[in-house]
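# Structural characterization, general
So you can see what is in the structure, the chains are spelled out below.
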Amino acid sequence: MEVFVIVYFFIILSIIFFSIKKNKLLYGYIAIVTTLYLIMLSGFRDISIGIDTMSYYTYYNRDLSIEDLGEYYGYQGMLFWLFMSFIKEVFNDYQVVLIIVAIVSVGLISRFIWKYSRYPMISFFIYSIGGFFAIGLSLVRQYLALSIIVYSFDYIVKRDFIKFFITLIIAFCIHPSSVLFLPAYFISRIKVNKKSIVIYLLLLSCSFFIGRIVIDIMSNLFFGGLYIIEIDDDAGGKFTFVAYCIILLITLFRYKILLKNNKNNLILINFLWVLTIIQSTAFIFPIASRVGYMYGIFILILLPEIIYSLNRIYSKILFTTIMIIMLLFVYFYKFYNLNDIYPYKFFFNF
């Protein structure tokens, strides 16, 4: 697996610096190859890859009825369990579940990158080593819901609440945490001004003091109290929080140019605020990072927008280089073996 990753990194890195000048034909071919490559790594992985992968495999083989699964999960995410039952009935092969989930999730996220990113290859690089792809190798159900949430971005941009809500309901029927993306539609158009910045800063400050109370309430409402736990200090959560704060400061420093270049960047800025607030609760509750991914995934297009906003080509190359170095550091520091991904093997390896 390490060989595959190294080769992939070199391919991406060799193209990133050519991404500053657009070449739509090159982008198209590379985007297709990259998408297929990531689908293969995700869908053809052995069931031992990823912490939650084996858990779903266990439920798949236990011949539990829909009623039993419904009672255990409080009838939440039933669409996913119906999907698993259908696959078992038709194909009787759990690998088909992983392949279909990979096609849908990676496919929808790749579509999102291609449609909205200024520099798709930079976005694919962030997606690959920034932890977003890694969580998909473990969080089977939540990752599928996440990809549907990404698709709902179309309707936030178009201001079509009905279609947004329907899409979110589908995601909710796969994983209940998706309900926490509902505010995204309403906060997406909050203007960047002194008043909104002060409000966001107050919410960020409050999250350090009342975050645990909010977590307990949300856990009881949507997860039957399943995630109310005490934890020790989480260094990884702090590191990620600091990284988001740095991105937020850079974004606020250049927000006028960002909004001038693309009015949809207002949505991304508001999502970044929410992401930072959510991540601040990871100090006491690391699983909050999973919720943060719903808003964090949009960094895939925000960072290329920041690069695009830089006036000089040398500034773009410098910023891109620094970003790549930091992402590589984060990858080997935190994401290299996130959720027991390594040693990687395909399902057909023995």
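Bear in mind that the values here come from a model prediction, so they are computed numbers and not experimental data.

Moving on: the pattern of salt bridges. Considering all chains together, one arrives at three salt bridges under this definition. R111 serves as the salt-bridge partner of D154, at 2.4 Å between the closest nitrogen and oxygen. Remark: R111 occurs in helix α6 (residues 94-116) and D154 occurs in helix α10 (residues 153-158); sequence separation between them is 43 residues. Looking at D154, the relative accessible area reads 3%, which means it is buried. D154 is the salt-bridge partner of K115, the closest N and O atoms lying 3.3 Å from each other. Of the two residues, K115 is situated in helix α6 and D154 in helix α10; the sequence distance between them amounts to 39 residues. What emerges from the salt-bridge pattern is a single network uniting R111, K115 and D154.

Take unusual backbone geometry next. Of note in this structure, N92 is not a glycine but carries a positive phi near 55 degrees. Inspection of the secondary structure assignment puts N92 in the loop between α5 (78-90) and α6. The class for N92 is exposed, based on a relative accessible area of 57%. Even without being glycine, R159 reaches a positive phi, approximately 60 degrees. Checked against the element boundaries, R159 lands in the loop between α10 and α11 (161-172).

Two quantities define a packed helix pair, namely the angle between the helix axes and the distance between the axes. Where α6 contacts helix α18 (residues 299-309), the axes come no closer than 10 Å and their chain directions differ by 25 degrees. Classified by the interaxial angle, the pair formed by α6 and α18 is roughly parallel. Relative to α18, α6 is oriented so that their crossing is right-handed. Judged by residue contacts, I109, F112, I113 and Y116 of α6 engage L300, I301 and E305 from α18. Among the residues forming the contact of α6 with α18, the class breakdown is six nonpolar, no polar and one charged.

What counts and how
Here, residues in each chain are numbered from 1, in the same order as that chain's written sequence. Owing to the predicted nature of the model, reporting of local features is limited to residues with pLDDT of at least 70; listing and counting of side-chain atom pairs is limited to 80 or more, with chain, interface and lining totals taken over all residues. The basis for the side-chain values is all heavy atoms of the structure; hydrogens and waters are excluded. What counts as a salt bridge is simple: a side-chain nitrogen of Lys or Arg found within 4 Å of a carboxyl oxygen of Asp or Glu. Counting from the N terminus, the helices are the DSSP runs of H or I reaching at least four residues and the strands are the DSSP runs of E reaching at least two. Buried residues are those whose accessible area, probed at 1.4 Å on protein chains only, stays under 20% of the maximum for their type, while exposed residues exceed 50% and partly exposed ones sit between those limits. Fitting a line to C-alpha atoms yields each axis, with helices limited to the stretch in contact; the angle taken between N-to-C directions then spans 0 to 180 degrees. Roughly parallel refers to an angle under 35 degrees, roughly antiparallel to one over 145, roughly perpendicular to one between 65 and 115, and oblique to any angle outside these ranges. The hand of a helix crossing depends on one turn: near helix anticlockwise from the far one by less than a right angle means left-handed, and clockwise means right-handed. Pairs of residues are marked as contacts when any of their non-hydrogen atoms sit within 4.5 Å. Classification used: nonpolar for Ala, Val, Leu, Ile, Met, Phe, Trp, Tyr, Cys and Pro, charged for Asp, Glu, Lys and Arg, polar for all others including Gly.

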